[in-house]
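Below are the chains, spelled out letter by letter.
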Amino acid sequence: MADDRLIVALDVSTMDEVKAIVTSLGDAVSFYKVGMELFYAEGEKTIRYLQEQGKHVFLDLKLHDIPNTVAHGVSSLTYVGANLITIHGQGGPVMMKAAVQAARESAEKLGVERPKLLAITVLTSFDEEAWTATGGQLPISDQVIRLARLAKECGMDGVVCSALEAKMIRQACGEDFLIVTPGIRPSFATTDDQKRIATPASALQDGASRLVIGRPITQAAEPREAVRLIIEEMESLSK
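Here the structure is a predicted model, which is why all the values come from computation and not from measurement.

### Some words on the overall build of the protein chain
In step 1: Along the backbone of the protein chain there are 11 helices and eight strands.
In step 2: For 239 residues, the compact-globule estimate of 2.2 N^0.38 gives 18 Å, and the C-alpha radius of gyration of the protein chain, at 17 Å, lies within 12% of that figure.
In step 3: In terms of overall dimensions, the protein chain has C-alpha extents of about 45 × 40 × 35 Å along its principal axes.
In step 4: The proportion of buried residues among the 239 residues of the protein chain is 51%.
In step 5: Contacts in the protein chain between residues at least 24 apart in sequence constitute 69% of all its contacts with a sequence separation of at least 6.
In step 6: Summed over its atoms, the accessible surface of the protein chain is roughly 11,200 Å², and 49% of this surface lies on carbon and sulfur atoms.

Written out as structure tokens, the structure is:
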């Protein structure tokens, strides 16, 4: 059976690739991430297709612009029907509050469930050296906590962050705050280009709500078996 805590990243660019992955995984996966590559190539039909298959959708477009533009973007994406939408936390409190209001008002107008909004903290591709090179003054972990607290104050539902910061965010923001963690690598996988990574079990142990995993599943020789092994790792916490 699928575990809703696992989100499989559809880091591809065509509907044929999407359909091949979703078909191969079948009922083993219930939640998928659609990012920039796929959404910019195929648009909202990716969301429609996943909905038709009974799947939940994490739309990871990392909106970051002036508040009015982001608010209108969120309204449009609410109409498309994503379950989770990402907004850059570094866009600031006015932008995040505008996004929250837009999601609420659009959902009420359409008579649908409001999408959950997640603030991007610091991308998992950053290490401290790269972060300092871009002008980061605080250590990455301090900046992540600062943005997580700000996101909660603005009415955001949660954050996207490295699993290495999940425990601190859980302590700072409480049990109801969503923590979605990319950069998850199961024990059988390589680290690829991610710098701040964790295993499925350790991420959940540290407070993550949902885990985003792409290549270890979609590029595996046996994708469905990879999912089974990952869920086994996730469930090892309760044994």
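Moving on from the coordinates now.
### Here's the deal with unusual backbone geometry
In step 1: The phi torsion at lysine 62 lies on the positive side, around 50 degrees, for a residue other than glycine.
In step 2: By the secondary structure assignment, lysine 62 is in strand S3 (residues 56–63).

### Thoughts on the pattern of salt bridges
One side chain can pair with another of opposite charge once the charged atoms of both are near each other.
In step 1: One pass over the full model with this rule turns up 11 salt bridges.
In step 2: Residue arginine 224 is joined to aspartate 27 by a salt bridge in which the shortest nitrogen-to-oxygen separation is 2.8 Å. Linking arginine 224 in helix H11 (residues 223–235) with aspartate 27 in the loop between helix H1 (15–25) and strand S2 (31–35), this pair joins segments that are 197 residues apart in sequence.
In step 3: The exposure class assigned to aspartate 27 is exposed, which follows from its relative accessible area of 52%.
In step 4: Between glutamate 232 and arginine 228 there is a salt bridge, and its shortest N-O distance comes to 3.2 Å. Separated by four residues within a single helix, glutamate 232 and arginine 228 lie in helix H11, roughly one turn from each other.

### Comments concerning the packing of aromatic side chains
In step 1: Applying the stated criterion across every chain yields a total of one aromatic pair.
In step 2: Relative to tryptophan 131, the ring of phenylalanine 126 lies with its centre 5.6 Å away and its plane at 85 degrees, an arrangement referred to as edge-to-face.
In step 3: Using a relative accessible area of 8% as the deciding quantity, one classes tryptophan 131 as buried.

### A short note on the nonpolar core
In step 1: Of all hydrophobic cores here, the largest spans 70 residues; its most connected members are Leu6, Tyr32, Val34, Val74, Ile87, Ile169 and Ile217.
In step 2: The dominant element in this core, judged by the number of residues it contributes, is helix H5 (residues 93–110), at seven residues.
In step 3: Contact partners of valine 34, with chain neighbours within four places excluded, come to Leu10, Phe39, Thr46, Ile47, Leu50, Val57, Phe58, Leu59 and Asp60.
In step 4: Counting residues in hydrophobic clusters, the runner-up holds 11 residues, among them Ile7, Ile120, Val160 and Val180.

### Some thoughts on the side chain of lysine 55
In step 1: Note that lysine 55 resides in the loop between helix H3 (45–52) and S3.
In step 2: Look at lysine 55: it is buried, it has no salt bridge, and the nearest opposite charge is aspartate 27 at 7.0 Å.
In step 3: In this structure the side chain of lysine 55 is engaged in a polar contact, spanning 2.9 Å, whose partner is the backbone oxygen of glycine 26.
In step 4: Those residues within four positions of lysine 55 in sequence are excluded, and the remaining contacts are Val22, Gly26, Asp27, Val29, Ser30, Tyr32 and Leu50.

### Focus on the UniProt feature "active site" (unreviewed entry) in the protein chain
In step 1: According to UniProt, the positions carrying the feature "active site" (unreviewed entry) are Asp60, Lys62 and Asp65.
In step 2: Contact partners of lysine 62, with chain neighbours within four places excluded, come to Met36, Thr86, His88, Ile120 and Leu123.
In step 3: If you trace the backbone, aspartate 65 turns up in the loop between S3 and helix H4 (67–80).
In step 4: Note on aspartate 65: relative accessible area 43%, which makes it partly exposed.
In step 5: Residues in contact with aspartate 65, not counting those within four places in the same chain, are Val70 and Met95.

Basis of the calculations
- Residues numbered from 1 in each chain as written.
- Predicted model: local features only at pLDDT ≥ 70, side-chain atom pairs only at ≥ 80, totals over all residues.
- Heavy atoms only, no water.
- Helix = DSSP H or I, 4+ residues; strand = E, 2+ residues; numbered from the N terminus.
- Rg over C-alpha atoms; globule rule 2.2 N^0.38 Å.
- Buried < 20%, exposed > 50% of the residue type's maximum accessible area, 1.4 Å probe, protein only.
- Contact = heavy atoms within 4.5 Å.
- Areas by Shrake-Rupley, 256 points an atom, 1.4 Å probe, with all protein chains shown as cover.
- Salt bridge = Lys/Arg side-chain N within 4 Å of Asp/Glu carboxyl O.
- Phe/Tyr/Trp six-rings, centres within 6.5 Å; stacked < 30°, edge-to-face > 60°.
- Core = buried A, V, L, I, M, F, W, Y, C linked by side-chain atoms within 4.5 Å.
- Lys, Arg positive; Asp, Glu negative; His and termini not counted.
- Polar contact = N/O pair within 3.5 Å; in protein donor to acceptor, adjacent residues only side chain to side chain.
- UniProt positions renumbered as here; feature names shortened; annotations may be inferred.

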